[in-house]
Structures are given as C-alpha cells and as structure tokens.
Amino acid sequence: MDKIAELSLEGKTFRLPVVEGSEQERAIDISALRNDTGYITLDDGYANTGSCQSKVTFIDGEKGILRYRGIPIEELAEKSTFIEVAHLIIFGKLPTSAELRRFSDLLTDNELLNEAMKHHFEGFPTHAHPMAILSSMINAASCFYPELLDPDRKDTFVVQTARLLSQVRTIAAFAYRKSRGLPIIYPKPELKYTANFLHMMHSLPYRDYEIKPEAARALDLIFLLHADHEQNCSTATVRMVASSRANLFASAAAGVCALWGPLHGGANQAVLEMLERIHADGDDGSRFIAAAKDKNSGKRLMGFGHRVYKNYDPRAKIIKRTCDELLVKLNVSDPLLDIAKHLEEAALRDSYFVERKLYPNVDFYSGIIMRAIGIPIEMFTVIFAIGRMPGWIANYKEVMEAPTRIYRPRQVYTGPTLNAYVPLKERK
Ligand code: ACO
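Residues numbered from 1 in each chain as written. Predicted model: local features only at pLDDT ≥ 70, side-chain atom pairs only at ≥ 80, totals over all residues. Heavy atoms only, no water.

J.: Tell me about the site of the ligand, and name the residues and values.
T.: If you check the shell around the ligand, you find 20 residues, and the closest are Arg300, Leu301, Gly303, Arg307 and Tyr352. The side chain of lysine 295 places a nitrogen or oxygen atom 3.0 Å from an oxygen atom of the ligand. Here an oxygen atom of the ligand sits 2.9 Å away from a polar atom, N or O, in the side chain of asparagine 361. Expressed as a share of its isolated accessible area of 920 Å², the protein-covered part of the ligand is 76%. The class makeup of the residues in the shell around the ligand is 10 nonpolar, five polar and five charged. (Near = heavy atom within 4 Å. Polar contact = N/O pair within 3.5 Å; in protein donor to acceptor, adjacent residues only side chain to side chain. Areas by Shrake-Rupley, 256 points an atom, 1.4 Å probe, with all protein chains shown as cover. Nonpolar A, V, L, I, M, F, W, Y, C, P; charged D, E, K, R; others polar.)

J.: Please set out the packing of helix α17 (residues 363-372) against helix α18 (residues 380-401) residue by residue, giving values where relevant.
T.: Put simply, α17 and α18 touch, their axes get as near as 11 Å, and they point 105 degrees apart. One way to sum up the angle between α17 and α18 is to call them roughly perpendicular. Residues Asp363, Gly367, Met370 and Arg371 of α17 form the contact with α18, whose own contacting residues are Phe380, Ile383 and Phe384. Class assignment of the residues belonging to the contact of α17 with α18 gives a composition of four nonpolar, one polar and two charged. (Axes fitted to C-alpha atoms, helices over the stretch in contact; angles between N-to-C directions. Helix = DSSP H or I, 4+ residues; strand = E, 2+ residues; numbered from the N terminus. Parallel < 35°, antiparallel > 145°, perpendicular 65-115°, else oblique. Contact = heavy atoms within 4.5 Å.)

J.: Outline the packing of aromatic side chains, supporting the account with residue identities and numerical values.
T.: Under the defined criterion, the tally for this structure stands at 13 aromatic pairs. Taken together, the ring pairs in this structure connect Phe304, Tyr352, Phe353, Phe364 and Tyr365 into an aromatic cluster. Directly above the ring of tyrosine 352 sits arginine 356, whose terminal nitrogen or CZ lies 3.9 Å from the centroid. (Phe/Tyr/Trp six-rings, centres within 6.5 Å; stacked < 30°, edge-to-face > 60°. Lys NZ or Arg CZ within 6 Å of the ring centre and 35° of its normal.)

J.: Describe unusual backbone geometry, naming the residues involved and giving the relevant values.
T.: Even without being glycine, histidine 127 reaches a positive phi, approximately 75 degrees. With phi around 40 degrees, glutamate 230 is a residue other than glycine that occupies positive phi space. Structurally, the position occupied by glutamate 230 is in the loop between α9 (213-225) and α10 (233-242). You can call glutamate 230 partly exposed: its relative accessible area is 23%. (Buried < 20%, exposed > 50% of the residue type's maximum accessible area, 1.4 Å probe, protein only.)

J.: Give me the lowdown on helix α14 (residues 314-329), citing residues and values where you can.
T.: For α14, which comprises 16 residues, the first-to-last C-alpha distance of 23 Å matches the rise-based estimate of 22 Å (1.5 Å per residue) to within 8%. Restricting attention to buried positions, one finds in α14 the residues Pro314, Arg315, Ala316, Ile318, Ile319, Thr322, Cys323, Leu326 and Leu327. Among the structural elements, β5 (65-68), α2 (73-79), α9, α15 (335-349), α17 and α18 are those in contact with the buried residues of α14. Just beyond α14, the residue with positive phi is asparagine 331, at close to 60 degrees. (Expected span 1.5 Å × (residues − 1).)

J.: Give a description of the pairing of strand β1 (residues 4-9) that names residues and reports values.
T.: Note: β1 against strand β2 (residues 12-20), six bridges, orientation antiparallel. Opposite leucine 7, over in β2, you have phenylalanine 14 as the bridge partner. Remark: two residues form the turn of the hairpin made by β1 and β2, two consecutive strands paired antiparallel; glutamate 10 in that turn has positive phi of roughly 50 degrees. (Pairing = 2+ DSSP bridges.)

J.: Break down the sheet that holds strand β3 (residues 26-28) for me, citing the residues and quoting the values.
T.: In spatial order, the strands read β1-β2-β3; together these three strands make up an open sheet with antiparallel pairing. A single partner strand is all that each edge strand has here, and the edge strands are β1 and β3. With strand direction ignored, the average angle separating the axes of adjacent strands in the sheet is 30 degrees. Relative to β3, β2 is paired through three bridges, and the arrangement is antiparallel. Looking across to β3, one finds that valine 18 is bridged to isoleucine 28.

J.: Help me get a handle on the side chain of serine 80, residues and values and all.
T.: Its location among the elements puts serine 80 in the loop between α2 and α3 (82-91). Note on serine 80: relative accessible area 4%, which makes it buried. With residues near it in sequence (within four places) discarded, serine 80 still touches Glu75, Val85, Arg217 and Leu224.

J.: Summarise the environment of alanine 227; cite the residues concerned and give the values.
T.: Here alanine 227 lies in the loop between α9 and α10. With a relative accessible area of 0%, alanine 227 lands in the buried category. Through-space distance from the C-alpha of alanine 227 to that of isoleucine 386 is 8.4 Å; in sequence the pair is 159 residues apart. Those residues in contact with alanine 227 that sit more than four places away from it in its chain are Tyr68, Phe82, Val85, Ile89, Gly387, Arg388, Pro390 and Gly391.

Dropping the structure here:
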C-alpha cells in the first residue's frame, strides 16, 4: 500500500503522498500543499528539499557511499576512465568497445573550436580568471551552432554533447594559455582526452610537452571523481536554467558560474592557498585549526565539511591514496602534503570537527596532486568544471526528456508591507 504522510494544520488533517526512491530514500510530496492548505514549505539553503527525481547518481552521506548509475565510485576509480564514465553518466550505461570507440572518435572530431573563437580570447585581459573565460566561452561557442537554440531538437543531442565535452577542455587550455600570455596549442587527435589536455596546457609551438602516463592517469582520475554529485549547487543551477528551455551550452555556462564560488568548486583553489599561507606563516596547522574554530576569525578549514557527507567523503579517500602514490612515483616531496596530513589528523581528533561531523572532502588533497603535475592554482576550479561536465549534461538531459514545469521556488516575504511612493524632492 502506498505510504501517506498526514499533516495537521488549523484543525484539519491533510494527506500527502510519500515518494520512495530505489534506495529507499523517502520524500513527502508537497506539490499540492499550497493549493490544498495555502501554506508553502520553508527550507533555507534547500537542505531538506528534493528538487527532482533523478536516475544518475546515488549518495548516502551518512554511510559515505557514492555511486554513478549504481556502480560504486571505488570500482570506477580503479577500473574505468573519465570518458567511459562520461558515457555511463550521460547515456545510462557502460559503453561496449564499439560504443566507446564511436564516442571517443566523436569527441576527437569535435575537439577544435571554430577559428573565429580565437578573437574572443584576445578580448580578455591577461590574468583574467580562467573560470570567467570558461563560462563566457562556453556560451560564446553556442553562437556557432544555431541548431542548439531549438530545445525540441533531440536529433542533435549526441553531437552537442560531444562538442561540449570535448571543447570544454580545449577552451580551458586556451584560457590558461591566454592568462599566461602564451601561444595557443591545438589539440592532437591521436592523444587521449586527458593527455590531450596536458598537451594543450604545457606544450610549446616548437617542443611537445612530455606527458608522464602517471600524471595523465592521476588527472583522469580527478576528472572521473568529479563527474557527478547529484543535486549540488552547480548541477541544481544547470537544471534550473535548463527548465526554462535554455540550450545545453547556456545551461552548462551557468553551471560553471555556480561552481566558481569558494564554498563549492572554488574550494580546491582555496585549500591550496590555505596550505601555502600556513606554510609561509611557519605554522604546522595548529594555529590555523584554532582560527577555523573561532567564528570571529572568518576562517574555515577549507576542504573540510560537506552538506551531504557526514562521514568520510569516499572521493577524498581515493584522492589521498592517489596523492601519496603519485608523489612517490614522480619523486616529489611537498611540504604542503605534510601540512595537509597534520591538519587532517588534528581535525579528526578535535571535538569541534568531530561533533559537527566535518571530514575531508574531495578538494582536500586534489590540489596537491594538481600542483605535482604542474597545474597552476588558478586552473584548479576549471579542472573541476571539466570533470563535472558529464553530470551537468546528464542532468540537462533528464530535465529535457521529462519536461516538468519551469523551476520556480516560492519565498516567504519579510519586507515592508504596502508602502507609498515618495516623490524625489520630498525624500529625506
Ligand atoms: N571549518 C570550520 N567550521 C566549519 C567548516 C569548516 N570547513 N564547515 C562547517 N563548519 C561549521 C560551521 O561553522 C557550522 O558551525 P555551527 O553549527 O557552530 O554554526 C557547522 O560546521 C555547520 O556548517 P554549515 O556551514 O551550516 O554547513 P553547510 O552544510 O551549510 O556547508 C560547506 C557545507 C559549505 C561545504 C562547509 O562545510 C564549508 O564551508 N566547507 C569549507 C569549504 C569547502 O571545502 N567546500 C567544498 C565542498 S565540496 C564541493 O563542493 C566539491
């Protein structure tokens, strides 16, 4: 029998349907509440609001579980690649060899930006933040594909997906080269997705960058671990924009903007800056921990805490292990890694962090890996954006395939009641 929740309000009882997900997550369907009762629900920051039903990613924050289309992240991290996982997330299944080859070829065929885009890069000042360039250029790219503007064209979805997934990496590398005043390096079709990105980032017109396989693998893993994370701030933004029937590129560009903030994707940059500051101050992390616990200091232990995980972020465990192994393989010793480990140990023993269930999240160690493979700090959030693209595309697809009404939350108004307009001359 279907479950029903009962709400008692002003002497009346209202019956609300209970929706149950495939992992027994239960939600009370309040979509008719305002019509039936005149009330809305209030949930500042959406901590208890299910904004959609989705088949892409499952997270159990209490148990530290993350699965893409049902497959545990640990297994994908060990056995798969970013592009295979992108196929899984977007199309709902692991590709066969033939499907994977077709998908990879399609990405290669669409890796070049329209040449006219080069002029747009010229317009940005040197030292422009690459996230600003990335979001602008993703939007600008849509201008070259007029068929994108028609949300009802389903026949172009696969090619639009390939363009976006492939070109986000080209744009990201170009944005970096621009921010450093370096010449643009074109992609090489024979290289795999992540190696190609490293080539475009680091090669010179007269000398190819030597791509270390372990570095390419570590970066591919970072992309894979970021590929989706259900209704986080940027993905919810993509769905919000998509619900207005905006095109795929416009929706993804909005996702990039949402991701930029330091409480979301910007945290990986903030973690490295924090570690560098701690190192420069000659602190082993203890003073910083004390400041992070003091609400008046304005400081937080960046890379710690998560809205959903109240346990170890499973991605953080994988990243930490990869970080340890990579630094050994590359023969790099990084004092920031020692500081990070000390911070983690100290925080996990400290009642402030324990009581609030604050554990390291995916950003805590990813910056140290990126630093070791020569990714500059201002590119960290861009790397996150490249990785998150499959999740944004899959969520866009869900919105388009089961079009609901435009996303439009309500509010509880707390401003002035009816107020008179005072003519300019009479205002004090
Ligand atoms: N350092 C110190 N205290 C913290 C931290 C932190 N990193 N995170 C949370 N707290 C404290 C808060 O001050 C609050 O304390 P209080 O109950 O005494 O007032 C309590 O823990 C709950 O914090 P909220 O901000 O309410 O938790 P919320 O779920 O809204 O925020 C967030 C989650 C934004 C991730 C937060 O933990 C944070 O700011 N972390 C640092 C930034 C970061 O690493 N972001 C990356 C997130 S993962 C991602 O986007 C990939």
